[in-house]
Amino acid sequence: MIEKIAKKYALSHLGAKGFIKSCVFAFGNNVVKMLPMMVFIMLLLGIDGTQALMTTPLILLMTVCAIVAVLYVANYFDYTQLYVSSYKESARNRFRLIDKMRELPISYYAKHSTTDLTNVVLNDVADQEKLMSGPMPRMIGSLLFMLLGFVSMCRFNFEMTLILFATYPVGALIFWLTGQIEKRAHEKYSTQLAHQSSTFQEFIERMPEVRFFNFVDQARNEFFSLLKTQEKSHLKTELSTAVFHSLITSVIQVNLLLILFVGGAWWTKNQISLVTLLIYILVATRFNTAIVSIFEALSQYRFTKIRINRLQEIFDTQSQSGTQKPDLQHYHFNVKNLHFGYDQDHEILKGITCHIPEKQVTAIVGPSGSGKSTFLRVLAKFYDYQMGEV
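What comes next concerns the included structure. (Residues numbered from 1 in each chain as written. Predicted model: local features only at pLDDT ≥ 70, side-chain atom pairs only at ≥ 80, totals over all residues. Heavy atoms only, no water.)

1. Some details on the packing of aromatic side chains
Argument step 1. What the rule picks out here adds up to 11 aromatic pairs.
Argument step 2. Ring centres 5.2 Å apart and planes at 45 degrees place the aromatic pair Tyr 9 and Phe 19 in the tilted group. Of the two residues, Tyr 9 sits in helix 1 (residues 2–9) while Phe 19 sits in helix 2 (residues 13–33), which places them 10 residues apart along the sequence.
Argument step 3. Its relative accessible area of 7% is what places Tyr 9 among the buried residues.
Argument step 4. On the numbers, 6.4 Å between centres and 15 degrees between planes, the contact of Phe 25 with Phe 77 is stacked. Of this pair, Phe 25 sits in helix 2 while Phe 77 sits in helix 4 (residues 57–103), and the two are 52 residues apart along the sequence.
Argument step 5. Given the relative accessible area of 42%, Phe 77 is considered partly exposed.
Argument step 6. Three or more aromatic residues joined by ring pairs make a cluster, and in this case those are Phe 145, Phe 150, Phe 165, Tyr 168 and Phe 287. (Phe/Tyr/Trp six-rings, centres within 6.5 Å; stacked < 30°, edge-to-face > 60°. Helix = DSSP H or I, 4+ residues; strand = E, 2+ residues; numbered from the N terminus. Buried < 20%, exposed > 50% of the residue type's maximum accessible area, 1.4 Å probe, protein only.)

As C-alpha cells, this is what we get:
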C-alpha cells in the first residue's frame, strides 16, 4: 500500500506514511467537528421525548467545555500533521530530484530543456505540496466521514437518508462527464506555462543583444503579447472549472429542497416527527459542505496530476550505470548495426557498422543532413539509440 501511494503521488516512502497519517487525522477532525451538532441533536431528541434531556446546567457547561477542548486538540494535531509533514516531504522531494538528476543519462538532458527541469524542481514540487498539505488528505478524510455518516443516518431513518444522499451520485456523474474537458484545459494551460517559461528564459539570455540593436520596443511587445495569451488561457481554464463546479454545487444543494418537500409531506402525515425533519436539514448542510470540498479537492488533483506525472517520470527514468571514474584503458569504438532516429517515423542512422580505432584520425564524411553530427552525439551518449550495439 505504501508503495502504491508513493507511486501514485510521486512521494517518498516517508511521505506516503505521512499521507496516511494525515488522512486519519483529517477523518478524526471531521468526526470531532460534528460533536456540537450531535449535542444539539441530542437536545432536540430530548425535547421530542426520544432520549433523556440533559437539563442540568452544570452538565451542559461541562459538555461544552469538553467539546471545545477536544476541538482545539483535534485541530492542532490535524494542522500539525497536514502542513508539517507535507513541508518536510516537499524538502525531501527536492533533494530526491537533485540526487536523481545526478544519475540521469546524458541523453535525458538532450530531450528536456533546463527550463523544463527548473519548473519541475520549483513549480511542480510546490503544486504537489499544495495538494498534499490539505486538499488530498482532507478529501480522503471527508470520504471516510461521509461513509460513516451514511451508515449512522441509515440506522436513524433509512428513507430520509436516501433522500439526503440522492443528489451526491448525480454530482459525481457530472464531475466524471466533465473530466476530459477539464483535463484538456489543464493540459493546454500547462503547455502554455512551459512555453512561457522557455520564452522568458530566452528573453533574459538575449537581453544584451536586444539593448545593443535597440529592439527594446519589439521585445516588450512580444513579452506583453505572451502574457496576454497566458492570461487568456488561464481564464479559460478557470472558467471551465468554475462553471462545472458551480453546476455540481447547485445539484448537490437540491437535496435540501427534497428534504423540505418530501420530509414536510411525511411530517404532515405523521410519518416522521418535526425533530427528525430538522435533524436532516441540519445534517444536510454539514454533509453538503463536506461533499463539495471533496469535488474541489478532486478538481485540484486533476490540475496537479500533470505535475505529479512529470515528477514521477524523472523518478522512473532508469539511472545511468557505470563507475564514477571511467576506465579509459582503450579508446576505440566498435559499432554494430546502429539504428537511431529522433522519432519513430524518421530514422537518421540506419544500421551503421564500423570500427573507430584509438590513436588514429578517422574522418566521418557525408552530405549535409546525413547524420554525421547525430552519429557523434550518439557515440557521446547524448542520445540513446533504438537498436544496435556500441
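Let's pick the thread back up.
2. Details of a nonpolar patch on the surface
Argument step 1. Residues Phe 25, Tyr 72, Val 73, Tyr 76 and Phe 77 make up a contiguous nonpolar surface patch of about 530 Å² in total accessible area.
Argument step 2. Per-element accounting of the nonpolar patch gives the leading share, four residues, to helix 4.
Argument step 3. One can find Val 73 in helix 4. (Patch = residues over 30% accessible without salt bridge, like charges linked within 9 Å, V, L, I, M, F, W, Y side chains within 5 Å. Areas by Shrake-Rupley, 256 points an atom, 1.4 Å probe, with all protein chains shown as cover. Salt bridge = Lys/Arg side-chain N within 4 Å of Asp/Glu carboxyl O.)

3. Structural notes on the packing of helix 6 (residues 114–132) against helix 13 (residues 274–316)
Argument step 1. Relative orientation of the contacting elements helix 6 and helix 13 amounts to 140 degrees, with a least axis distance of 9 Å. As summarised for this structure, helix 6 and helix 13 are arranged oblique, according to the angle between their axes. The handedness of the crossing between helix 6 and helix 13 is left-handed. Note on element contacts: helix 13 touches helix 6 through Ala 297, Gln 300, Tyr 301, Phe 303, Thr 304, Arg 307, Ile 308, Arg 310, Leu 311 and Ile 314, opposite Leu 117, Val 120, Asp 124, Val 125, Asp 127, Gln 128, Lys 130 and Leu 131.
Argument step 2. Considering only residue class, the contact of helix 6 with helix 13 consists of 10 nonpolar, three polar and five charged. (Axes fitted to C-alpha atoms, helices over the stretch in contact; angles between N-to-C directions. Parallel < 35°, antiparallel > 145°, perpendicular 65-115°, else oblique. Left-handed = near helix turned anticlockwise from the far one by under 90°. Contact = heavy atoms within 4.5 Å. Nonpolar A, V, L, I, M, F, W, Y, C, P; charged D, E, K, R; others polar.)

4. Quick word on the sheet that holds strand 2 (residues 346–356)
Argument step 1. Ordered by their spatial adjacency, three strands build an open sheet running 2-1-3, and the pairing between neighbours is antiparallel. Only two strands of the sheet have a single partner each, and these edge strands are strand 2 and strand 3 (387–389). On average, each strand axis in the sheet is tilted by 20 degrees relative to the strand beside it, whichever way the strands run.
Argument step 2. As defined by bridge partners, strand 1 (residues 333–343) adjoins strand 3 across two bridges and the pair is classed as antiparallel. (Pairing = 2+ DSSP bridges.)

5. Considerations on unusual backbone geometry
Argument step 1. At Ala 10, a residue that is not glycine, the phi angle is positive and equals roughly 55 degrees.
Argument step 2. Assignment of secondary structure puts Ala 10 in the loop between helix 1 and helix 2.
Argument step 3. Phi is positive for Asn 270, close to 60 degrees, though the residue is something other than glycine.
Argument step 4. Mapped onto the elements of the fold, Asn 270 is located in the loop between helix 12 (216–268) and helix 13.
Argument step 5. A residue is classified by how much of its surface remains accessible, and Asn 270, at 70% relative accessible area, is exposed.

6. Here we look at the nonpolar core
One recurring pattern in soluble globular proteins: nonpolar side chains tend to sit buried together.
Argument step 1. Among the nonpolar cores identified, the biggest contains 58 residues, and Tyr 9, Met 146, Leu 164 and Phe 287 are the most heavily contacted of them.
Argument step 2. In terms of residue count, helix 13 provides more of this core than any other element does, 18 residues in total.
Argument step 3. Here Met 146 is in contact with Phe 165, Tyr 168, Phe 287, Ala 290, Ile 291 and Ile 294, once residues within four sequence places are set aside.
Argument step 4. Counting residues in hydrophobic clusters, the runner-up holds nine residues, among them Val 335, Ile 356, Phe 375 and Val 378. (Core = buried A, V, L, I, M, F, W, Y, C linked by side-chain atoms within 4.5 Å.)

7. A word on the pairing of strand 1
Argument step 1. In terms of strand pairing, strand 1 meets strand 2 through eight bridges, oriented antiparallel. Residue pairing in the sheet places His 339 in a bridge with Lys 350 of strand 2.
Argument step 2. The turn linking strand 1 back onto strand 2 is made up of two residues.

8. Some remarks on helix 13
One turn of the α-helix equals 3.6 residues, which is why residues spaced by three or four share an orientation.
Argument step 1. Helix length check: helix 13 (43 residues) gives 59 Å between terminal C-alpha atoms against 63 Å at 1.5 Å per residue, within 8%.
Argument step 2. The axis of helix 13 is deflected most strongly, by about 40 degrees, at Thr 304. (Expected span 1.5 Å × (residues − 1). Bend = angle between axes of the 7 residues up to and from the residue.)

9. A look at the environment of His 332
Argument step 1. Here His 332 lies in the loop between helix 13 and strand 1.
Argument step 2. A relative accessible area of 35% means that His 332 is categorised as partly exposed.
Argument step 3. Remark: the alpha-carbon pair of His 332 and Asp 345, spanning 13 residues in sequence, is separated by 31 Å.
Argument step 4. Here His 332 is in contact with His 355, Ile 356, Pro 357 and Glu 358, once residues within four sequence places are set aside.

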